[in-house]
Amino acid sequence: MKSLAIVFSFSLSFSTSVLAETFDLPSQHFGVIGSMRTVQSTYEDTLLDIARRANIGQNQMERVNPDVDRWMPGEGTLITIPSHYVLPRAPRKGVVLNLPEMRMYYFPPKKPGQPAQVQTYPISIGRMDWATPLGMTTITNKKKDPSWRPPESIRKEHAEKGDPLPRVVPAGPNNPLGAYAMRLGMPSYLIHGTNKPLGVGMRVSHGCIRMLPEDIEHLFAQLPVGTQVNIVNQPVKAGWYGGKLYLEVHPPLEEYPNDRGAVVEEVMVALDDAMNRRSAELDNTIIDEAIDQRNGLPQVITRGG
């Protein structure tokens, strides 16, 4: 087994990215996709390099590997890849963005003779003072090699920091929008690439949704104008896989209540929704641990699971 792990980490080191993680979509009765895995780091790796290749956001990668140095993991260090997800409580249509998770789910139209699928990507969202809005919208326009016209509020912020911006930033390597941009029906908000991919999976934008350059390129060709985009706030998700119920807890966004009591309330909402369809005996000890850890790893919370 050790030699297999080494071979796998070697192959990862020469891959730019896995692009989207794509999974067969489970039936409406089930809501868990993917699985946990581990890789071994090479001498040249940083934790951020591994996160990008594995299609995992930076914050999430650090939460599930708290004892690993982000800049120097060291050769042969076992790295947990948290590619295991409970689907958000939302219609499985178009794009669903779960802000606390900093992750996108895309449900492409089912192709004849093939199973329905779901793709998932890490994203960056707006900082607390530039929060990404919630709600249902659509993609209204798409642009390859976009220019960027920063709003006056952003130009003012940059000027105050001694980093003035021009009124128009042309397409190219210095453009924060990257090579692709998709405008949403919410005024001034976009799903776009970035020229700073290390920030994907963090709260670093002025409200727009940022994606890795290779991810937005892959997604851009698939989404027609008019695609539904549902932006939700679900720090806690619960879903079934076979006879097991999984609970996934992320840190709530800072602008919402995020003490333990608030997280317990979110857990109750998620469990009420999941248990509405079937019942089971739950392990309260594991539920308490998930609430305290808030690391975004799905945990089996049914007894005997």
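Look a little higher up for the structure.
Caption draft 1: Highlighting the sheet that holds strand S11 (residues 180-184). The mixed open sheet is built from nine strands, whose spatial order is S1-S8-S7-S6-S15-S10-S11-S12-S14. Because the sheet does not close on itself, it has two edges, and the strands there are strand S1 (21-24) and strand S14 (209-210). Here strand S10 (residues 135-144) runs beside strand S15 (residues 228-232); their pairing, made up of four bridges, is antiparallel. Each bridged residue has a counterpart across the sheet, and for Thr-138 the counterpart in S15 is Gln-228. Running over the sheet, helix H5 (residues 213-220) touches strand S7 (103-107), strand S8 (117-122), S10, S11 and strand S12 (190-192) and is turned about 65° from S11.

Caption draft 2: Quick peek at helix H6 (residues 260-275). The terminal C-alpha atoms of H6, which comprises 16 residues, lie 22 Å apart, in line with the 22 Å expected from a rise of 1.5 Å per residue. Along H6, the positions that sit buried rather than exposed are Ala-262, Val-263, Val-267, Ala-270, Leu-271 and Ala-274. For H6, the side-chain oxygen to backbone nitrogen distance between the N-cap and Gly-261 is 2.9 Å, and the N-cap itself is Asp-259.

Caption draft 3: Broad picture of the layout of surface pockets. In this structure, the largest pocket spans a volume of roughly 860 Å³. Taken together, 36 residues form the lining of the largest pocket, with Trp-148, Ile-154, Pro-176, Leu-177 and His-206 sitting closest to its centre. When contributions to the lining of the largest pocket are tallied by element, the ones reaching two or more residues are S10, helix H4 (152-160), S11, S12 and strand S13 (203-205). Per-class residue counts for the lining of the largest pocket are 16 nonpolar, eleven polar and nine charged. Lining the second largest pocket are 16 residues, with Gln-28, Pro-88, Arg-89, Arg-92 and Arg-277 sitting closest to its centre.

Caption draft 4: Here's a closer look at the sheet that holds strand S18 (residues 299-300). Across the sheet, three strands lie side by side as S16-S17-S18; this open sheet has antiparallel pairing. Only two strands of the sheet have a single neighbouring strand rather than two, namely strand S16 (236-241) and S18. Both S16 and strand S17 (residues 244-249) contribute to a ladder of six bridges, which runs antiparallel. By the bridge assignment, Ala-238 is partnered in S17 with Leu-247. Each of S16 and S17 touches H6; the most contacted strand, S16, lies at about 30° to it. Contacts from helix H7 (residues 284-293) reach S17 and S18 within the one sheet, and its direction differs from that of S17 by about 25°.

Caption draft 5: Inspection of the nonpolar core at higher detail. Grouped together as the largest cluster of nonpolar side chains are 25 residues, with contacts concentrated most on Leu-97, Met-104, Ile-123, Met-182, Ile-191, Met-211 and Leu-219. Secondary-structure elements contributing two or more residues to this core are strand S6 (94-98), S7, S11, H5 and S15. Contacts of Ile-191, omitting those with residues within four sequence positions, involve Met-104, Tyr-180, Ala-181, Met-182, Leu-184, Ile-209, Met-211 and Ile-216. Among the nonpolar cores identified, the runner-up in size contains 19 residues, and Ala-51, Ile-56, Ile-79 and Tyr-85 belong to it.

Caption draft 6: Up close: empty space enclosed by the protein. The full count for this structure, using the stated rule, is one cavity of 30 Å³ or more. A volume near 90 Å³ is recorded for the largest cavity. Lining the largest cavity are 14 residues, with Gln-60, Tyr-85, Glu-101, Arg-103 and His-250 sitting closest to its centre. Of the residues belonging to the lining of the largest cavity, the class tally is five nonpolar, six polar and three charged.

Caption draft 7: Layout of the packing of aromatic side chains. Applying the stated rule across the entire model yields three aromatic pairs. Seen in terms of ring centroids, Phe-23 and Tyr-85 are 6.4 Å apart; in terms of plane orientation they differ by 65°. Their pairing is edge-to-face. Taken as a pair, Phe-23 in strand S1 and Tyr-85 in strand S5 (residues 84-86) lie far apart in primary sequence, 62 residues in all. A residue is classified by how much of its surface remains accessible, and Tyr-85, at 3% relative accessible area, is buried. Ring centres of Tyr-180 and Phe-220 lie 4.9 Å apart, and the angle between their planes is 50°; this geometry places the pair in the tilted category.

Caption draft 8: Inspection of the pattern of salt bridges at higher detail. Scanning the model with the defined rule gives twelve salt bridges in all. Across the pair Arg-52 and Glu-214 runs a salt bridge, and its minimum N-O distance is 2.8 Å. Here Arg-52 is found in helix H2 (residues 47-54), whereas its partner Glu-214 is found in helix H5, with 162 residues between them in sequence. The class of Arg-52 is partly exposed, set by a relative accessible area of 25%. Here Glu-214 falls in the buried class, since its relative accessible area comes to 11%. Overlapping salt bridges, with partners in common, bring together Glu-101, Lys-237 and Glu-248 in one network.

The rules behind these values
- Residues numbered from 1 in each chain as written.
- Predicted model: local features only at pLDDT ≥ 70, side-chain atom pairs only at ≥ 80, totals over all residues.
- Heavy atoms only, no water.
- Pairing = 2+ DSSP bridges.
- Helix = DSSP H or I, 4+ residues; strand = E, 2+ residues; numbered from the N terminus.
- Contact = heavy atoms within 4.5 Å.
- Axes fitted to C-alpha atoms, helices over the stretch in contact; angles between N-to-C directions.
- Expected span 1.5 Å × (residues − 1).
- Buried < 20%, exposed > 50% of the residue type's maximum accessible area, 1.4 Å probe, protein only.
- Polar contact = N/O pair within 3.5 Å; in protein donor to acceptor, adjacent residues only side chain to side chain.
- 1 Å grid on protein atoms, 1.4 Å probe; cavity = no way out; pocket = protein on both sides within 12 Å on 5 of 7 lines; lining within 4 Å.
- Points joined across faces, edges and corners; volume = space filled by probe spheres on them.
- Nonpolar A, V, L, I, M, F, W, Y, C, P; charged D, E, K, R; others polar.
- Core = buried A, V, L, I, M, F, W, Y, C linked by side-chain atoms within 4.5 Å.
- Phe/Tyr/Trp six-rings, centres within 6.5 Å; stacked < 30°, edge-to-face > 60°.
- Salt bridge = Lys/Arg side-chain N within 4 Å of Asp/Glu carboxyl O.

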